[in-house]
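Analysis of the macromolecular model
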Amino acid sequence: MRVTMIGAGYVGLVSGACLAEFGHHVTCIDKDADRTAALSRGEIPIFEPGLAELVAANVRQGRLRFAVKPTGIGEADAVFIAVGTPSRRGDGHADLSFVYDAVREIAPLLSRTAVVVTKSTVPVGTGDEIERILREKRPGTEMQVVSNPEFLREGAAIHDFKHPDRIVVGTEDARARDVLAEIYRPLYLNAAPMLYVSRRTAELIKYAANAFLATKITFINEIADLCESVGADVQDVARGMGLDNRIGAKFLHPGPGFGGSCLPKDTTALLKTAFDHGAQLRIVETVAAVNEQRKRAMARKVVAALDGSIRGKTIAVLGLTFKPNTDDMRDAPSIPLIVALHDLGAMVRSYDPVGMAQAKPHLPDVTYCSSAYEAAEGADAAVIVTEWEQFRALDLDRLRCLMARPIIVDLRNVYRADEMQRANFRYLAVGRPDAERYAERAMPRRRKPAGTKSKTAERADAL
Ligand SMILES: NC(=O)c1ccc[n+]([C@@H]2O[C@H](COP(=O)([O-])OP(=O)(O)OC[C@H]3O[C@@H](n4cnc5c(N)ncnc54)[C@H](O)[C@@H]3O)[C@@H](O)[C@H]2O)c1
């Protein structure tokens with residue numbers, strides 16, 4: 001099949017490369033000329049494991065190419081739209097200007113029977129508007145507009161695209177359905193379920209799924225807070241919950257609040273859609289509000305670890321991206337956390353394996369370092385914000401020698417309290433007893449000599 005992908009960002013580039021790998025002939029169009037020029041030279045503008053090799057192989061085999069202008073689009077069997085839908089300034093609803101601009105641009109060039117597929121995450125009803133624009137620009141054509149939301153995760157995007165839990169296709173048109181079935185046939189052979197639904201339903205599935213994932217994360221984050229108050233261990237609580245098949249273990253990892261390019265903007269956009277249609281989504285409203293507060297509140301953990309004040313102190317922040325294996329800084333929890341640390345008078349040094357170039361415009365006042373150890377030099381505390389593989393086995397002795405004070409605040413629960421205690425660190429995690437409490441629990445109680453009364457018994461005697 002001949003496929004055109006409009007937008008060569010995280011989703012467009014990964015989808016385009018994977019579709020080419022399936023054997024289709026794919027042209028990725030991106031209006032960013034620097035991006036397409038870099039891609040044509042074999043340079044990948046984003047960090048995504050395995051993507052460079054996949055792109056190179058398919059370019060070499062002549063199935064994948066890049067262009068700025070949508071020329072040749074008239075021959076495509078399907079034209080996917082994978083442009084950004086960020087939060088709109090002012091009201092936070094999905095900004096659909098990139099989608100509609102792209103549709104207006106391609107409308108005159110499409111074949112009369114084109115199948116236009118929306119892969120961007122768009123609010124319910126966007127497909128109707130795309131169809132209206134196409135009919136207005138090209139009256140009398142038989143073009144079809146399909147919703148095919150994408151569920152891949154950055155950092156594991158190629159695997160997710162090739163092994164999806166499901167493929168959602170929103171259309172009631174038999175011809176469009178056949179085109180999508182043919183495009184995804186290689187996955188269908190792998191038994192990936194194709195879910196054929198109405199276009200509006202497909203659009204809503206994407207938002208409902210993301211809002212549910214956001215709810216799961218926020219739920220376990222609040223349970224983590226409760227664990228800290230009552231002395232329980234959230235890791236064990238999450239495991240005990242997640243082993244229940246009705247609940248499932250995924251997205252039950254407590255941390256500094258969800259971030260990234262999708263969950264924050266999609267929960268907000270879903271709330272706007274609900275509001276516009278007079279429906280209330282009170283759970284999602286609460287999730288969004290709780291999460292927003294949490295990111296900044298993580299600074300309080302750092303303050304607590306440093307006995308009440310961080311003014312004039314140096315904090316090493318390990319990890320900046322919203323999760324490992326991506327360079328994406330969109331809505332990363334590190335941003336409000338570091339802003340809060342600065343507001344409270346601290347200096348911040350930081351290291352992230354791939355995200356520092358993207359982080360600099362968001363966080364200009366940070367001292368960027370070339371390793372976790374360099375960031376830790378002279379620091380009064382180190383805060384693990386992103387669970388990059390290389391932060392999982394830090395040389396704790398070396399770290400302690402470099403730091404002004406041996407304090408680690410682990411917002412991803414990468415380490416165990418007992419190993420941190422053995423390495424002589426003060427250690428605070430999320431929703432788990434800290435090292436000092438652990439020591440209290442682990443210490444065998446000294447037996448009192450026979451006949452010795454407990455303090456309570458003594459007090460009772462005195463009454
Ligand atoms: N990033 C993810 O993990 C992810 C996962 C699932 C769904 N989505 C959704 O997919 C969509 C794309 O997200 P992304 O992260 O890939 O965005 P992105 O910002 O990385 O990429 C969008 C690309 O589209 C290009 N573009 C914009 N207008 C264009 C036009 N008129 N013609 C050609 N190119 C144009 C931009 O230059 C940019 O390179 C969004 O709706 C997002 O919500 C993203």
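Residues numbered from 1 in each chain as written. Predicted model: local features only at pLDDT ≥ 70, side-chain atom pairs only at ≥ 80, totals over all residues. Heavy atoms only, no water.

Buried within helix H4 (residues 97–106) we find Val99, Tyr100, Ala102, Val103 and Ile106. One face of H4 carries all of its buried residues, which in axial projection span an arc of 160°. Against strand E1 (2–6), strand E4 (78–81) and helix H5 (126–137) lie the buried residues of H4. (Buried < 20%, exposed > 50% of the residue type's maximum accessible area, 1.4 Å probe, protein only. Helix = DSSP H or I, 4+ residues; strand = E, 2+ residues; numbered from the N terminus. Arc of directions from axis to C-beta. Contact = heavy atoms within 4.5 Å.)

Taken together, the neighbourhood of the ligand is formed by 27 residues, with Val11, Asp30, Thr85, Glu154 and Lys265 sitting nearest. Here a nitrogen atom of the ligand and a side-chain polar atom of Glu154 are 2.8 Å apart. In isolation the ligand offers 840 Å² of accessible surface; the protein chains occlude 90% of this area. Contributing elements (two or more residues each) for the shell around the ligand: helix H1 (10–21) and H4. Here the residues of the shell around the ligand sort into ten nonpolar, seven polar and ten charged. (Near = heavy atom within 4 Å. Polar contact = N/O pair within 3.5 Å; in protein donor to acceptor, adjacent residues only side chain to side chain. Areas by Shrake-Rupley, 256 points an atom, 1.4 Å probe, with all protein chains shown as cover. Nonpolar A, V, L, I, M, F, W, Y, C, P; charged D, E, K, R; others polar.)

Let us now look at the packing of helix H9 (residues 199–230) against helix H10 (residues 234–242). Orientation of H9 relative to H10, taken along the N-to-C sense of each, is 135°, at an axis distance of 9 Å. Relative to H10, the element H9 lies oblique. Relative to H10, the crossing made by H9 is right-handed. Contacts between H9 and H10 involve Phe219, Ile220, Ile223, Ala224 and Cys227 from the first element and Val234, Val237, Ala238 and Met241 from the second. Residue classes in the contact of H9 with H10 are distributed as nine nonpolar, no polar and no charged. (Axes fitted to C-alpha atoms, helices over the stretch in contact; angles between N-to-C directions. Parallel < 35°, antiparallel > 145°, perpendicular 65-115°, else oblique. Left-handed = near helix turned anticlockwise from the far one by under 90°.)

Quick look at the environment of Met241 now. Along the chain, Met241 falls in helix H10. Separated by eleven residues in sequence, Met241 and Leu252 place their C-alpha atoms 8.7 Å apart. If sequence neighbours within four positions are ignored, Met241 has contacts with Phe219, Ile220, Ile247 and Leu252.

To continue, consider the sheet that holds strand E9 (residues 314–318). Read from one edge of the open sheet, six strands run E11-E10-E9-E12-E13-E14, paired in parallel fashion. The open sheet terminates on both sides in strands that have one partner only, identified here as strand E11 (367–368) and strand E14 (426–428). Relative to E11, strand E10 (residues 347–351) runs parallel, the two sharing two bridges. Counterpart to Arg349 in the pairing with E11 is Thr367. (Pairing = 2+ DSSP bridges.)

Within the element layout of this structure, Ile220 appears in helix H9. In this structure, the C-alpha to C-alpha distance between Ile220 and Val169, residues 51 residues apart in sequence, is 32 Å. Those residues within four positions of Ile220 in sequence are excluded, and the remaining contacts are Val234, Ala238, Met241, Phe251, Leu252, His253 and Pro254.

Within a regular beta strand, the side chains point alternately toward one face of the sheet and then the other, so they alternate between its two faces. In strand E5 (residues 115–118), alternate side chains face the same way, and those of Val115 and Val117 on one face and Val116 and Thr118 on the other are all buried. As for the winding sense of the linkage, the β-α-β connection from E4 through H4 to E5 is right-handed. Between the parallel pair E5 and strand E6 (residues 144–147), the chain is carried across by H5, and the sense of this crossover is right-handed. (Right-handed = clockwise from strand over helix to strand, strands pointing away.)

A few words on the side chain of Thr36. With respect to the helices and strands, Thr36 occurs in helix H2 (residues 33–40). Judged by relative accessible area, Thr36 falls into the buried class, the value being 3%. There is a polar contact of 3.1 Å between the side chain of Thr36 and the backbone oxygen of Ala33.

Attention shifts here to the nonpolar core. Ranked by internal contacts, the top residues of the largest apolar core, which has 66 residues, are Ile315, Leu320, Leu341, Leu394, Leu396, Leu399 and Ile408. Setting aside chain neighbours within four positions, we find Leu394 in contact with Leu318, Ala372, Tyr373, Leu399 and Tyr415. Within the second largest apolar cluster, 40 residues are counted, among which are Met5, Ile46, Ala78 and Met194. (Core = buried A, V, L, I, M, F, W, Y, C linked by side-chain atoms within 4.5 Å.)

Another aspect to go through is unusual backbone geometry. In this structure, Phe251 takes a positive phi of about 65° despite not being glycine. Positionally, Phe251 belongs in the loop between H10 and helix H11 (263–276). Judged by its relative accessible area of 29%, Phe251 falls in the partly exposed class. The phi angle at Asn325 is positive, at roughly 65°, despite the residue not being glycine.

Moving on to the pairing of strand E12 (residues 381–384). Neither face of E12 is exposed, since Ala381 and Val383 on one face and Ala382 and Ile384 on the opposite face are all buried. Summarising the sheet, E9 and E12 pair through four bridges and their orientation is parallel. Paired with Val317 across the two strands is Val383, which belongs to E12. Handedness of the E12-helix H16 (residues 396–402)-strand E13 (residues 407–410) crossover: right-handed.

A few words now on the packing of aromatic side chains. Taken as a whole and assessed by the stated rule, the structure comprises four aromatic pairs. When the ring of Phe161 is compared with that of Tyr184, the centres are 6.3 Å apart and the planes differ by 40°; the resulting orientation is tilted. Here Phe161, found in helix H6 (residues 157–162), pairs with Tyr184, found in the loop between helix H7 (174–183) and helix H8 (185–189); they are 23 residues apart in sequence, far enough to count as distant. Residue classification places Tyr184 among the buried residues on the basis of a relative accessible area of 2%. The structure contains a cluster of three or more aromatic residues connected by ring pairs, namely Phe22, Phe161 and Tyr184. Here the basic side chain of Arg177 rests over the ring of Tyr196, its NZ or CZ set 4.0 Å away from the ring centre. (Phe/Tyr/Trp six-rings, centres within 6.5 Å; stacked < 30°, edge-to-face > 60°. Lys NZ or Arg CZ within 6 Å of the ring centre and 35° of its normal.)

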